Amino acid sequence: MSAKTSIDPAEAAHFDRLAHAWWDSDGPFWPLHRLNQLRVGYISDHLLSRFGRSANQAEPLRAIRILDIGCGGGLLSEAMARLGAEIHGVDMVEKNIRAAQRHAEESDLKIRYECGTAEALIERGESYDAVLNLEVVEHVADLPLFMKACGELVRPRGLTVIGTINRTAMSFLAAIVGAEYVLRWLPKGTHRWRKFPRPNELEDLLRDGGLRVFDRTGVKVNPFTRQFRLSSGMGVNYMLVAEKSG
């Protein structure tokens with residue numbers, strides 16, 4: 001494995017303790033279950049457009065090679081696999097990978113999972129048509145190193161999609177105070193506000209890696225219905241889509 005790593009041991013330990021609950025839609029990961037429904041549509045629309053596919057096909061993403069980095073228990077990986085994509089799910093927590101493998105087998109889905117890092121994938125010479133980087137960048141120890149590795153994994157004219165939380169006063173109130181302490185939607189300690197990246201910070205890192213952001217959107221949640229929707233406001237949750245030159 002690479003001598004340098006973007007893994008944060010404290011973050012790894014936190015998710016190790018929660019790994020058993022990934023597929024409990026009413027458990028600590030319920031926000032990701034709800035968010036998954038929205039982000040799959042957003043991501044697939046961009047992939048279909050990029051690779052000239054039709055949503056009317058039985059498996060519209062067939063043969064498109066996708067890395068789900070920081071895949072957790074496989075929520076996004078499984079959704080993309082059902083659309084026909086060739087998925088490689090990678091996570092730093094072994095228990096997450098075991099949970100993902102077990103659920104994929106139960107669902108009769110062929111997904112390649114492994115415990116590892118983006119840096120190690122670079123050393124092996126891996127590359128992908130798209131790299132999905134959802135709810136991960138706010139948990140890594142070395143953001144520039146992680147973003148550099150993820151950028152190198154994208155093939156020329158490929159895409160990367162990043163979903164995370166902005167570092168604003170609004171996000172501190174909503175994602176930390178509200179979600180973890182008042183509403184208790186998430187376990188305390190799930191996020192550290194200082195690690196939330198601002199959109200311009202990520203765009204600079206992407207640009208350094210030869211990627212250009214061409215779409216961005218905010219994501220909002222209704223606290224009463226717990227439903228997520230796309231929004232022009234990027235003060236809390238947001239997603240970026242970037243393309244690699246080539």
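First, a word on what this report is: a plain description of the structure on this page. Values in this document were obtained by computation on a predicted structure and should not be read as measured data.

**Topic: the pattern of salt bridges**
Thinking step 1. The final tally for this structure, using the stated rule, is 17 salt bridges.
Thinking step 2. Arg-65 is the partner of Glu-86 in a salt bridge, and the nearest nitrogen-oxygen pair spans 3.4 Å. Of the two residues, Glu-86 sits in strand β2 (residues 86-91) while Arg-65 sits in strand β1 (residues 65-69), which places them 21 residues apart along the sequence.
Thinking step 3. The class of Arg-65 is buried, set by a relative accessible area of 14%.
Thinking step 4. Its salt-bridge partner being Glu-126, residue Arg-65 comes within 2.9 Å of it at the nearest N-O pair. With Arg-65 in strand β1 and Glu-126 in the loop between α5 (118-124) and β4 (128-134), the pair connects residues that are 61 residues apart, well separated along the chain. Note on accessibility: Arg-65 and Glu-126 belong to one class, buried.
Thinking step 5. When salt bridges that share partners are traced, they join Arg-65, Glu-86, Arg-112, Glu-114, Arg-124 and Glu-126 into one network.

**Digging into the nonpolar core**
Thinking step 1. Ranked by internal contacts, the top residues of the largest apolar core, which has 41 residues, are Ile-43, Leu-47, Ile-66, Met-80 and Leu-132.
Thinking step 2. Counting residues per element, the ones that place at least two in this core are α1 (9-18), α2 (30-50), α3 (75-81), α4 (94-106), β4, β5 (154-165) and β8 (237-244).
Thinking step 3. Top contributing element to this core by residue count: α2, with 8 residues.
Thinking step 4. Setting aside its immediate chain neighbours within four residues, Ile-43 contacts Leu-76, Met-80, Leu-132, Leu-134 and Val-161.
Thinking step 5. Counting 26 residues, the second-largest nonpolar core is a separate cluster that includes Tyr-128, Met-147, Cys-150 and Leu-202.

**Structural notes on unusual backbone geometry**
Thinking step 1. With phi around 70°, Arg-157 is a residue other than glycine that occupies positive phi space.
Thinking step 2. Here Arg-157 lies in strand β5.
Thinking step 3. Residue classification places Arg-157 among the partly exposed positions, given a relative accessible area of 49%.
Thinking step 4. Even without being glycine, Arg-184 reaches a positive phi, approximately 55°.
Thinking step 5. Considering the arrangement of structural elements, one finds Arg-184 in the loop between α7 (169-182) and α8 (199-208).

**As for the environment of Val-140**
Thinking step 1. Mapped onto the fold, Val-140 is located in the loop between β4 and α6 (143-153).
Thinking step 2. A C-alpha to C-alpha distance of 5.5 Å links Val-140 and Ile-7, two positions 133 residues apart in sequence.
Thinking step 3. Discounting chain neighbours no more than four positions away, the residues touching Val-140 are Ser-6, Asp-8, Phe-146 and Lys-195.

**Here's the deal with the environment of Glu-11**
Thinking step 1. Structurally, the position occupied by Glu-11 is in helix α1.
Thinking step 2. Expressed as a C-alpha distance, the spacing of Glu-11 and Gly-189, which sit 178 residues apart in the sequence, is 9.3 Å.

**Section: α4**
Thinking step 1. The terminal C-alpha atoms of α4 lie 19 Å apart, and with 13 residues this matches the ideal 18 Å at 1.5 Å per residue to within 8%.
Thinking step 2. Every buried residue of α4 is accounted for by Asn-96, Ile-97, Ala-99, Ala-100, His-103 and Ala-104. For α4, the angular spread of buried residues about the axis comes to 160°, placing them on one side. Exposed side chains of α4 directed beyond 90 degrees from the buried face belong to Glu-105 and Glu-106.
Thinking step 3. Phi for Asp-108, located one or two positions after α4, is positive at around 60°.

Definitions and limits used
Residues numbered from 1 in each chain as written. Predicted model: local features only at pLDDT ≥ 70, side-chain atom pairs only at ≥ 80, totals over all residues. Heavy atoms only, no water. Salt bridge = Lys/Arg side-chain N within 4 Å of Asp/Glu carboxyl O. Helix = DSSP H or I, 4+ residues; strand = E, 2+ residues; numbered from the N terminus. Buried < 20%, exposed > 50% of the residue type's maximum accessible area, 1.4 Å probe, protein only. Core = buried A, V, L, I, M, F, W, Y, C linked by side-chain atoms within 4.5 Å. Contact = heavy atoms within 4.5 Å. Expected span 1.5 Å × (residues − 1). Arc of directions from axis to C-beta.

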